[in-house]
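Tertiary structure, described
Letter by letter, the chains look like this.
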Amino acid sequence: MANAADPAPRRALAPLETCGPDDRFHDYILGEYEPIAPALGKLRSLNLLVESFAIAGVEREGLALLSAVRGGLGPFRTIWGIKRHHARGELGWELYFYDFQRAHADLSIDSVTAILAPHLRVSGREPRPLPWHMFSVELSPAGLLEGAPSAIDIYIDMRSYKCDGAGLAFENVYTFHDARTEIEEVLHRVRSCVHFDPSRDQLHRLMPPHLFNCHRICVANKRHADAMYFSRIPTPALARFLRDQQWPTALADFVRTRTDQLGHLLWDVGIDFRAIEGHATTVKSGVYGSF
Amino acid sequence: MAASESQSLPQGGGDVRLLPPAPPWPGESLMVTFAFRCNIACTFCMVEDALNVLPGTSLEAFKRAVEDRSLLQGVSRIIFSGGEVTLAKELPAYAAFARSLPGIRHVRIQTNATRLGDRRALRTLMDAGIDEFFVSFHAPEAALYDQLAQREGSFESILAGLESIVAEGGSLSTNTAIVAANHDRLEAIVERLLPFRPQSVEFWNYWPRGDEEAQRQMSARVGDVRPHLLGALRLALENGIPPVVKWFPRCLLGPFARYLDDAQPKALIDDGYWTREPAYSCIYEGICADAGGACSGLSHSYVEQHGWEETLLSPRKLPAGASRANEARVETRSLVKDAGEKRTHAAAVAAWLAQFGLAPGMDIEGFRLQGAALGRGVAMLALQFEQGGERIEVRLYPRDPRRAVFTRTASYDMVYARVAPALERTAQRLAEALARTIAAQDRGGRSLPG
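Computed from a predicted structure; not experimentally measured.

A separate point is the sheet that holds strand E17 (residues 407–408) of chain B. Residue and element names in this part refer to chain B. Here six strands make up an open sheet; going across it, the order is E13-E14-E15-E16-E18-E17 and the pairing antiparallel. Either end of the sheet is taken by a strand with one partner, and the two such strands are strand E13 (363–364) and E17. Pairing of E17 with strand E18 (residues 412–416), which is carried by two bridges, proceeds in the antiparallel orientation. Residue pairing in the sheet places Thr 407 in a bridge with Met 414 of E18. Along the sheet, helix H10 (residues 424–439) makes contact with E13, strand E14 (367–374), strand E15 (381–387), strand E16 (390–398), E17 and E18, crossing E16 at roughly 45 degrees.

Moving on, we come to the pairing of strand E4 (residues 152–156) of chain A. All names here are of chain A. For E4, the buried fraction is high: four of the five residues fall into the buried class. Where strand E3 (residues 134–139) lies against E4, four bridges are found, and the strand directions are antiparallel. Across the sheet, the residue bridging to Val 137 is Ile 152, located in E4. Summarising the sheet, E4 and strand E5 (residues 159–164) pair through five bridges and their orientation is antiparallel. Within E5, the position partnered with Asp 153 by the bridge is Lys 162. The hairpin formed by E4 and E5 contains two residues between the paired strands, and Asp 157 there has a positive phi angle of roughly 50 degrees.

Residues and elements named next belong to chain B. Within the sequence span of helix H6 (residues 186–193), burial applies to Leu 186, Ile 189, Val 190 and Leu 193. With its buried residues spanning 95 degrees around the axis, H6 presents them on a single face. The inward-facing, buried residues of H6 contact strand E7 (171–178), strand E8 (200–205) and helix H7 (222–238).

Residues and elements named next belong to chain B. Read from one edge to the other, the open sheet built from eight strands follows the order E9-E8-E7-E6-E5-E4-E3-E10, with strand pairing classed as parallel. What marks the edges here is a single partner per strand, and that holds for strand E9 (243–246) and strand E10 (266–268). The sheet shows a mean angle of 20 degrees between the axes of neighbouring strands, taken without regard to direction. Of the pairings in the sheet, the one linking strand E3 (residues 29–33) to strand E4 (residues 77–81) comprises five bridges and is parallel in character. For Leu 30, the partnering residue across the bridge sits in E4 and is Ile 78. Contacts from H6 reach E7 and E8, with the element oriented near 165 degrees to E7.

Let's shift gears to the domain arrangement of chain B. All names here are of chain B. Entries for chain B in the domain assignment read domain 1 (3–305) and domain 2 (325–450). Measuring from the centre of the C-alpha atoms in domain 1 to the corresponding centre in domain 2 gives 31 Å. If you look at the interface, domain 1 gives ten residues, while domain 2 gives twelve residues. Taken together, the residues of the side of domain 1 that touches domain 2 break down into two nonpolar, five polar and three charged.

What follows covers the interface of chain A and chain B. Between chain A and chain B, the residue contacts involve 29 residues of the former and 26 residues of the latter. For the side of chain A that touches chain B, the secondary structure elements donating two or more residues are strand E6 (167–178), helix H5 (183–191), helix H6 (203–206) and helix H7 (209–212) of chain A. Among the residues forming the side of chain A that touches chain B, the class breakdown is 15 nonpolar, seven polar and seven charged.

Calculation notes
Residues numbered from 1 in each chain as written. Chains lettered and ligands numbered in written order. Predicted model: local features only at pLDDT ≥ 70, side-chain atom pairs only at ≥ 80, totals over all residues. Pairing = 2+ DSSP bridges. Helix = DSSP H or I, 4+ residues; strand = E, 2+ residues; numbered from the N terminus. Contact = placed C-beta atoms within 7 Å. Axes fitted to C-alpha atoms, helices over the stretch in contact; angles between N-to-C directions. Buried ≥ 20, exposed ≤ 12 C-beta atoms within 10 Å, placed from the backbone. Arc of directions from axis to C-beta. Domains from an automatic or database assignment. Nonpolar A, V, L, I, M, F, W, Y, C, P; charged D, E, K, R; others polar.

The following block contains the structure:
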């Protein structure tokens, strides 16, 4: 394990990106926040995404995709997510595109599909104009390296649908809550999750203190799992999360040994859990940032 | 204490009469820390990582520090703590200097008392000015005490120390750390202390400094502690001894909640000490009227070990439509998107102010707290004061020992924005008063809002 005082060696070949005077900072619903420490010259959250590409062996392909998105939409409009699939120990990614007011002419499923086309084959398409406020595109090593098709998820009101071809399949229902003033709603939502048994499972295993001290909590019910998301946690809490969720050591050490350089940032994390042998067990975890 | 202030204990307390809480000594005390070494090795020690590491406050550094008389403002007691300060041969010199300071009426040591059975040594300390002895007392019998202190014979030495203190006329109060090993012996501890007639008995629920992830497995479940703690408090009260409880959920104390006081005195201690101060939260802190100043909740270490206790704890809810002092109204949330930065920042700032008893409109040094603004691109909170057209802004930053500041609390660096020369002294007084207000609740580890 790398020494905390000594930045862990990187896997990525690309130079680290640092914050400029015009950088903007967003949580995973594109809510803008003030950095919690001076940001100029410190690391952008994107570096963690690039490091994860490198660890998965797709740095070149991943960087090309990011470059296309930034070139097509401009900076600080897109949310990235890194997922760890616990059963397989594999990393995956997702990009999220928000337009709450549907006010941006350049942001549509078709336009993003076109932007990604040289690098990724997006299989989903909107069957008719839908009142989404966000859609996302999943990325996998196979999608980036071998051109495997990527579905899109369309988020409407408090639900999401998987869109493959022109077909839509219900995927997810979710609610956001203030982590403090709406804790009773959070408890109600968690206790009513089919994959959480209040008589056997301990809430703090899903919601430890370093995640509870967040901005908002999201509880989601998916087809094959339930999920909790925690927004705007500080970098030390992210480091702990990555350790607890057994993320690749190189990625966890990237954060743990650079808390000063990342200390201005807030992060969002989530876990999908499923009842396995009677206990809520994390099957997927995710980290989110913006670029 | 005035008998008229006593009142009968309501349900759960039987017929014992409540006493007024012991005088709140932390607010009128300055703690000076040195002698970071010890002759016992308590398994739950809160300074274990500092022992033989921190250099402590030298007598010269103590003297230099109090040249700034604002440090002594409102202070009538100097407390020496470490480590075990009776191991330091310089202790009498510290005590004598403390006695020489203006306004100081008491000099206290926090001690395990193992060396105070030596009457001559004790007399030397008392002759130097020490009149109060705050003695750690963690078990009612030798087997458990020596196990907790990891030194055979500790218990007998401590009892000898207690006897000496009483015989020499010292003022005795005690402190019991509540941990898994002694949580069911709390009544017996009070019973054992009664012959010494302590001025107060304090029960400090395990304060897991340096044990952030509960590796010691030291905490007892608060539900298991509760009947024994209430029994111990009752026994103390029945014998006319006011108790104090620290770091225990207020909602579990029933009629004894008035004895919960988590305050600690301001301290001269190495900044490094605070980096491992335990964090506290309660799952109900956003909806409980007692959260923050009146109740710390549970340590994160406790939650790691035992969970949130969400079915055991019960928030004291405010009546519908009411809010905690100075808490901004929280607007109806959106299910699909954040309700907006302005609202969340306002609520966060209001909640932050409330935890220190601050509120917009209140007067400090004749100036009205007019507003608060979070820094853009920098971790800073600016508090804006106004009086008759004169404006003063006091800025708070996360504590950073490298930063040049006007004054500090345990968690914050404070400066005041540039003012006209004529207003300079006023700005200083205002910043000092604000620092005192915040410091009264700030034991370190606090953050800025938002």
